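# A closer look at the structure
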Amino acid sequence: MRPLTDSLPKPMLPVATKPLVAHTADAAVDGGASELIVVVGYEAAAVREYFGDSYRGVPVRYAIQEEQLGTAHAVDCASEHLDGPFAVLNGDDLYDTASVRALLGADGPVVGTYNVDDPTSYGVFELDGDVVTGIVEKPTDPPTDLVNVGAYVFPAEARDWLDVEMSERGEYEITDVLQRVIEEQSVGTVAVERWLGCGRPWELLEANEWRIGELDRRIDGEVHPDADLRGDVVVEEGATVDAGVVVEGPALIRSGVELGPNAYVRGATLLDEDTHVGNAVEIKNSVVMAGTNVPHLSYVGDSVLGREVNFGAGTNVANLRHDGQPVQFTVKGDRVSTGRRKFGVVAGDGAKTGINTSLNPGVKLSAGATTAPGESVTRDR
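These remarks concern the structure in this document. Being a predicted model, the structure only gives us computed values, none of them experimental.

Under the definition given, this model contains 22 salt bridges. In this structure, the salt-bridge partner of Arg266 is Glu282, at a minimum N-O distance of 2.8 Å. Of this pair, Arg266 sits in strand 22 (residues 264–266) while Glu282 sits in strand 25 (residues 282–284), and the two are 16 residues apart along the sequence. Take Arg266: its relative accessible area is 25%, and that puts it in the partly exposed class.

For the rest of this paragraph, the subject is helix 2 (residues 44–51). For helix 2, the complete set of buried residues consists of Ala44, Val47 and Phe51. Looking straight down helix 2, one finds that the buried residues subtend no more than 75° of arc, so they occupy a single side. Opposite the packed face of helix 2, turned more than 90 degrees from it, sit the exposed residues Ala45 and Glu49. Here the buried face of helix 2 lies against helix 1 (20–30), strand 3 (36–40), strand 4 (54–55) and strand 5 (58–64). Once helix 2 finishes, Gly52 follows within two positions and takes phi at roughly 65°, a positive value.

Our next topic: the environment of Leu69. Position of Leu69 relative to the elements: it lies in the loop between strand 5 and helix 3 (71–77). Along the sequence, Leu69 and Glu171 sit 102 residues apart, while their C-alpha atoms lie 4.9 Å from each other. Residues within four places of Leu69 in sequence aside, it is in contact with Glu171 and Tyr172.

Bridging between strand 21 (residues 258–259) and strand 24 (residues 276–279) involves two bridges; their strand directions are parallel. By the bridge assignment for strand 24, Leu259 is matched with Val277.

Attention now goes to the nonpolar core. Counting 43 residues, the largest nonpolar core has Leu4, Leu36, Phe51 and Tyr55 as the members making the most contacts within it. Of all elements in the fold, only helix 1, strand 3, helix 2, strand 5 and helix 6 (201–212) reach the threshold of two or more residues within this core. Apart from the residues lying within four places of it in its own chain, the contact partners of Leu4 are Leu13, Pro201, Leu204, Met289, Val304, Gly306, Val346 and Ala347. Leu271, Val281, Val288 and Val309 belong to the second largest nonpolar core, which has 33 residues in total.

Here Val331 is to be found in strand 32 (residues 328–331). Its relative accessible area of 25% is what places Val331 among the partly exposed residues. Sequence spacing of Val331 and Arg159 is 172 residues, and the spatial spacing of their C-alpha atoms is 34 Å. Here Val331 is in contact with Arg200, Trp202 and Val336, once residues within four sequence places are set aside.

Rules used throughout
Residues numbered from 1 in each chain as written. Predicted model: local features only at pLDDT ≥ 70, side-chain atom pairs only at ≥ 80, totals over all residues. Heavy atoms only, no water. Salt bridge = Lys/Arg side-chain N within 4 Å of Asp/Glu carboxyl O. Helix = DSSP H or I, 4+ residues; strand = E, 2+ residues; numbered from the N terminus. Buried < 20%, exposed > 50% of the residue type's maximum accessible area, 1.4 Å probe, protein only. Arc of directions from axis to C-beta. Contact = heavy atoms within 4.5 Å. Pairing = 2+ DSSP bridges. Core = buried A, V, L, I, M, F, W, Y, C linked by side-chain atoms within 4.5 Å.

Dropping the structure here:
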């Protein structure tokens with residue numbers, strides 16, 4: 001997710017009306033969880049401030065993972081709080097509530113499974129009928145098309161099985177704990193109807209497409225009579241929509257937003273708190289994070305703009321390759337396919353563009369990066 005996570009932890013990135021991790025917490029609470037134990041690292045203060053000691057009436061406790069040494073290590077950090085059977089959910093994944101409810105209501109240890117067309121990039125479950133017999137990481141010849149989505153219910157004794165050996169990638173893996181459970185007990189499956197792992201910026205777009213698409217029209221802010229809001233548009237109290245604005249839902253305009261005049265917003269767009277989108281600006285299918293300004297004469301499509309970004313007048317984002325191939329993006333030094341025909345830019349917190357800047361598809365602007373007036377940016381900055 002870098003550069004978006006240089007100063008904001010991934011689970012706290014915005015998805016519709018709340019941080020990513022809060023959607024997982026909601027699914028757990030709605031699914032019947034009696035307590036939430038949140039394992040945190042450097043994001044401890046931000047997470048504690050959001051959840052407090054109780055979330056929607058459910059007690060919240062915290063465990064600190066000072067080093068990121070894998071999922072089994074994370075659960076081990078929380079082990080002092082575990083008493084009886086327990087569930088584990090990834091805090092940076094989205095799950096549909098009905099599936100989490102089925103998972104938490106299962107009789108005995110279970111894993112969540114999700115059907116994909118190409119499972120070769122995932123951990124894939126081996127089955128004997130309805131019983132899990134093993135898990136294979138990124139197999140070239142997958143035994144099933146059911147992949148691991150990081151959703152488990154473990155028996156109480158699994159708390160004593162967290163001392164696993166470090167894997168080849170230098171982590172303590174929860175799947176090794178699962179293998180021990182499989183050896184000791186019968187492990188069933190729960191089919192997850194909808195799931196999304198949010199590890200990369202274009203998946204944050206997809207997460208917002210999902211959650212914003214679930215919102216019903218609500219207009220609580222100040223909307224000029226000459227604005228045109230079409231479909232499922234949410235304007236929160238404290239937001240201002242000026243004359244000449246057209247918004248095609250689904251779209252979420254959060255408190256403190258100043259939108260317009262004469263702006264065009266469309267396609268599962270999030271304008272987060274205190275953003276400013278001004279005259280003759282078009283925003284399409286994008287996430288614009290808190291405090292960011294796109295004041296005038298600009299186009300932003302299929303992009304993620306971090307906090308306190310400022311786009312100079314006439315900044316235009318290209319989001320489509322001429323050859324029609326999926327746009328590529330740099331992840332950990334390698335160019336990888338986003339799988340999206342349209343994808344624009346990712347700008348880290350505090351990035352600023354000069355007037356009339358042009359940004360190529362798949363360009364990354366680091367936190368605090370700047371461009372010169374009239375510059376054409378074709379490589380990461």
